[in-house]
Amino acid sequence: MTKHSQGKISKRQFLSAVTIASGVLQLPRASIAADKPFDIIVVGGGNAGLPLAFFAAERGARVLIVDAGSALGGTLFLSSGQMSAAGTKLQKAKGIDDTPKIHFDDIMRISKGTADQVLVKLAVDNAAPVFDWLTDNGFVVGDTHPVTGTTHEPYSRARYAWAKKGGATAILDVLEKKLKPHIDSGRVKVLLNSEVTELTQTQSGAVSGVTVRDGKGALVKYTSSNVALTCGGYTYNPELYKKLDGAPMYTNMTAPTSLGAGIKLGVSVGGYVRGGQNHTPLFGAVLVDRDVPTQIRALVRHFPGDRPPWEIIVGADGKRFIQEDVLSHDVYEQGLRAQPGERCWVVFDDAIFAKAPTLATGGFGGPWTPEDTRNAFETGTTFFTKAKTIEELASKAGVDKAGLLATVIAYNKAQASGQDALGRKHMPLPIAKPPYYALELYSWNLTSYGGLAVDGELRVVRQDGGVVKNLYAAGELLGMGQMMGRSVCGGMSVTPALALGRLLGNTIIKI
């Protein structure tokens, strides 16, 4: 086991340490048979796989964890680790009255009824036990937590919390500490830099184990009557992302291991994918270049609660598509989702540029200052357009000329009268003083929305409703489209992974 806390790795080190071939592997005709069967084989040692392995080992199970990365943790190395749980000890200590039923109702409200009710109920019913287990074992939340939310649609109760420091690595610290004795004793075996190339099956179709290409390139077969896929999503695989989410993948800000291996394995034995139709993009990415997927150069501050808007936002047709001062990330995200190619432009003039608060801030590649923005416009950096007229701006930026000119004229009239057709109230200045500016923005992502279909016991199922015997799934592999629906619900990525991983290891999987 690689103990990250004995020498924490940076994101850059983590990304560069992981190499996986995404193509179809040509397997040798024979492979090595491993020793006696394991009680459980866990494919993916991250948010869901680690608690599954720990709680199963606590029950006496002999567990194998196979992970493609160079260290256990998966996306916990990169995540902010935001969690939400109802009925926790933390809430009770602060006099907050909350229940899983209220949490469930909030998720269904925020998702507009699109989240999977069976999985959401399973997740929220099991969230408090795993959250309490973390805090009982040294996890420390922020001083003001829990809260109802930040910028996405808020909860009706304060149940949203994350680490005081360290992000999701604070969760990983607890998981590693608790799992280490079982690894040291040999009850839990860990294979790193290893890829599961296939799920083996009996003649009846039941999953019977896995074939693993280990770090030395050898193929080894391991057997078990319980195999759990917990190996994450596909946010580093643009082809699969386009196919399952139905949208372009502009950024590669997640773990290189997120290639959809679990999706491919589950489908190969009869499973299927659902939830991608609920794809919800994040808003406001300024990309490094057009050779996508790429990194994020800067992020635009678009939430009116933090920075009321001075600019307008238009689509390729030059028309506004949202009320820019609406207090909702969801409105922004759903608006962007409806735009061709999930891209838009922020448009403003020189007077706004001089007086408005900072528009763009640092992306994931480092800090980004107002002076950087000014320099980018002056030098004609990709996605930064400056022009003497609105018509010239539209032509250079790739926006419909007539549409943008009509939009600016209409907006200026609304600004003067205080009556905007879209209901916007905050309109400090017209867009009337040249030069004019347009900043091209794209969608971005941290999670994938399609996921393997499972039943209420987290067993992988076929489209005919039948169960793929001996095969389970949890974590991001289930897809945010099932856990959050067509929305972003605070804490409903990390927490369900932890909770359902614990549930599999502690209760569901029979030993």
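Rules of the game
- Residues numbered from 1 in each chain as written.
- Predicted model: local features only at pLDDT ≥ 70, side-chain atom pairs only at ≥ 80, totals over all residues.
- Heavy atoms only, no water.
- Helix = DSSP H or I, 4+ residues; strand = E, 2+ residues; numbered from the N terminus.
- Rg over C-alpha atoms; globule rule 2.2 N^0.38 Å.
- Buried < 20%, exposed > 50% of the residue type's maximum accessible area, 1.4 Å probe, protein only.
- Contact = heavy atoms within 4.5 Å.
- Areas by Shrake-Rupley, 256 points an atom, 1.4 Å probe, with all protein chains shown as cover.
- Lys, Arg positive; Asp, Glu negative; His and termini not counted.
- Charge placed at Lys NZ, Arg CZ, Asp CG, Glu CD.
- Phe/Tyr/Trp six-rings, centres within 6.5 Å; stacked < 30°, edge-to-face > 60°.
- Lys NZ or Arg CZ within 6 Å of the ring centre and 35° of its normal.
- 1 Å grid on protein atoms, 1.4 Å probe; cavity = no way out; pocket = protein on both sides within 12 Å on 5 of 7 lines; lining within 4 Å.
- Points joined across faces, edges and corners; volume = space filled by probe spheres on them.
- Nonpolar A, V, L, I, M, F, W, Y, C, P; charged D, E, K, R; others polar.
- Pairing = 2+ DSSP bridges.
- Axes fitted to C-alpha atoms, helices over the stretch in contact; angles between N-to-C directions.
- Salt bridge = Lys/Arg side-chain N within 4 Å of Asp/Glu carboxyl O.
- Arc of directions from axis to C-beta.
- pLDDT = per-residue confidence, 0-100.
- Parallel < 35°, antiparallel > 145°, perpendicular 65-115°, else oblique.
- Left-handed = near helix turned anticlockwise from the far one by under 90°.

**Student:** Pulling in residues and values, what's your account of the overall build of the protein chain?
**Tutor:** Along the protein chain, the regular secondary structure elements total 16 helices and 21 strands. Relative to the 2.2 N^0.38 estimate, which gives 24 Å for 511 residues, the radius of gyration of the protein chain is 24 Å and therefore close to what a compact globule would have. Overall size of the protein chain, expressed as C-alpha extent along the three principal axes, is 75 × 55 × 50 Å. A total of 511 residues make up the protein chain; the buried ones form 56% of that total. Long-range contacts, defined as pairs at least 24 residues apart, comprise 72% of the intrachain contacts of the protein chain with a sequence gap of at least 6. Carbon together with sulfur atoms contributes 52% to the accessible area of the protein chain, which is approximately 20,300 Å² in total. Side-chain charges of the protein chain comprise 55 positive and 46 negative groups, with the mean position of each set lying 3 Å from the other.

**Student:** I'd like a rundown of helix α2 (residues 49–58), residues and numbers included.
**Tutor:** Across the ten residues that make up α2, a large majority, nine, are buried. Among the residues making up α2, those that are buried are G49, L50, P51, L52, A53, F54, F55, A56 and A57. Immediately downstream of α2, the backbone of G60 shows phi near 100°, a positive value.

**Student:** Now, about the packing of aromatic side chains: what can you tell me, with residues and values included?
**Tutor:** Counted by the stated rule, this structure contains 18 aromatic pairs. Arranged with centres 5.9 Å apart and planes meeting at 85°, the rings of F348 and F377 form a pair that is edge-to-face. With F348 in strand β15 (residues 343–349) and F377 in helix α12 (residues 370–379), this pair connects stretches of sequence that are 29 residues apart. Here F348 matches F377 in class, with each residue buried. When the centroid spacing of 4.8 Å and the interplanar angle of 80° are considered together, the rings of F353 and Y437 count as edge-to-face. Taken together, the residues F353 in helix α11 (residues 350–355) and Y437 in strand β18 (residues 436–444) connect sequence positions 84 residues apart. The same class applies to F353 as to Y437, namely buried. One aromatic cluster in this structure is built from F348, F353, W368, F377, F384 and Y437. Between R62 and the ring centre of F38, over which it is positioned, the NZ or CZ distance is 4.0 Å.

**Student:** Please set out empty space enclosed by the protein residue by residue, giving values where relevant.
**Tutor:** Evaluation of the coordinates by the stated rule reveals three cavities of 30 Å³ or more. In this structure, the largest cavity encloses a volume near 80 Å³. V300, R301, H302, R307, P309, E311, I312, I313, E324, Y332, V346 and L359 together form the lining of the largest cavity. Looking at the lining of the largest cavity residue by residue, the class counts come to seven nonpolar, one polar and four charged. Of the pockets and cavities examined, the second largest cavity occupies roughly 40 Å³. Lining the second largest cavity we find A85, T88, L90, Q91, F131, P146, R159 and A161. For the lining of the second largest cavity, the class distribution of residues is five nonpolar, two polar and one charged.

**Student:** Give me the lowdown on the sheet that holds strand β2 (residues 40–43), citing residues and values where you can.
**Tutor:** Strand order in the open sheet made by the six strands is β6-β3-β2-β10-β21-β20, with mixed pairing throughout. The sheet terminates laterally at β6 (188–191) and β20 (459–461), the two strands that pair on one side only. Within this sheet the neighbouring strands show an average axis-to-axis angle of 30°, counted without direction.

**Student:** Provide a residue-level description of the pattern of salt bridges, including the pertinent values.
**Tutor:** Within the structure shown, the criterion is met by 21 salt bridges. Salt-bridge contacts for R462 lead to D464; the nearest nitrogen and oxygen are separated by 3.7 Å. Of the residues examined, R462 reaches a relative accessible area of 31% and is grouped as partly exposed. Given a relative accessible area of 64%, D464 falls into the exposed group. Residues joined in a network through salt bridges with shared partners are D98, D106, R109 and R159.

**Student:** Please set out helix α9 (residues 261–268) residue by residue, giving values where relevant.
**Tutor:** Residues of α9 that are buried: G262, I263, L265 and G266. Viewed end-on, α9 has its buried residues packed into an arc of 165°, placing them on one side of the element. Backbone geometry just downstream of α9 places G270 in the positive-phi region, at approximately 115°.

**Student:** How would you explain the confidence of the model for the protein chain if you had to name every residue and give the values?
**Tutor:** Of the residues in the protein chain, 93% reach a pLDDT of 70 or more, and the chain-wide mean stands at 92. Below pLDDT 50 for its whole length, residues 1–30 participates in 55 contacts with residues either more than four positions away or in separate chains.

**Student:** Can you break down the packing of helix α4 (residues 100–110) against helix α5 (residues 117–125) residue by residue, with the values?
**Tutor:** Packing of α4 against α5 leaves a shortest axis separation of 9 Å and a crossing angle of 140°. When the axis of α4 is compared with that of α5, the two are oblique. Crossing hand, α4 versus α5: right-handed. Side by side, α4 and α5 meet where P100, H103, F104, I107 and M108 of the first sit next to Q117, V120, K121, V124 and D125 of the second. Here the contact of α4 with α5 is composed, by residue class, of six nonpolar, two polar and two charged.

**Student:** Quick one: what's the story with the pairing of strand β7 (residues 195–201), residue by residue and with numbers?
**Tutor:** Residues in a regular strand point their side chains to alternate faces of the sheet. Looking at chain direction, β7 and strand β8 (residues 207–213) are connected through six bridges and run antiparallel. For Q201, the partnering residue across the bridge sits in β8 and is V207. Counting the residues that bridge the hairpin from β7 to β8 gives five residues, and of these G205 lies at a positive phi of roughly 100°.

**Student:** Just give me the short version of the packing of α2 against helix α7 (residues 169–185), but keep the residues and values in it.
**Tutor:** It is the contact of α2 with α7, at a shortest axis distance of 10 Å, that shows an interaxial angle of 35°. For α2 against α7, the interelement crossing comes out left-handed. Residues L50, P51, A53, F54, A57 and E58 of α2 form the contact with α7, whose own contacting residues are L172, L175, K178, L179 and H182.

**Student:** An account of the environment of K401 is requested, with residue identities and associated values reported.
**Tutor:** You can see K401 is positioned in helix α14 (residues 401–417). When the C-alpha atoms of K401 and A316 are compared, they prove to be 9.7 Å apart, with 85 residues separating the residues in sequence. Here K401 is in contact with E391, A394 and S395, once residues within four sequence places are set aside.

**Student:** If you had to explain the side chain of S487 to someone new, which residues and values would you point to?
**Tutor:** Inspection of the secondary structure puts S487 in the loop between α15 (480–483) and α16 (494–508). In this structure, S487 is in contact with I110, S111, K112, T280, D330, Q334 and Y449, ignoring residues within four places of it in sequence.

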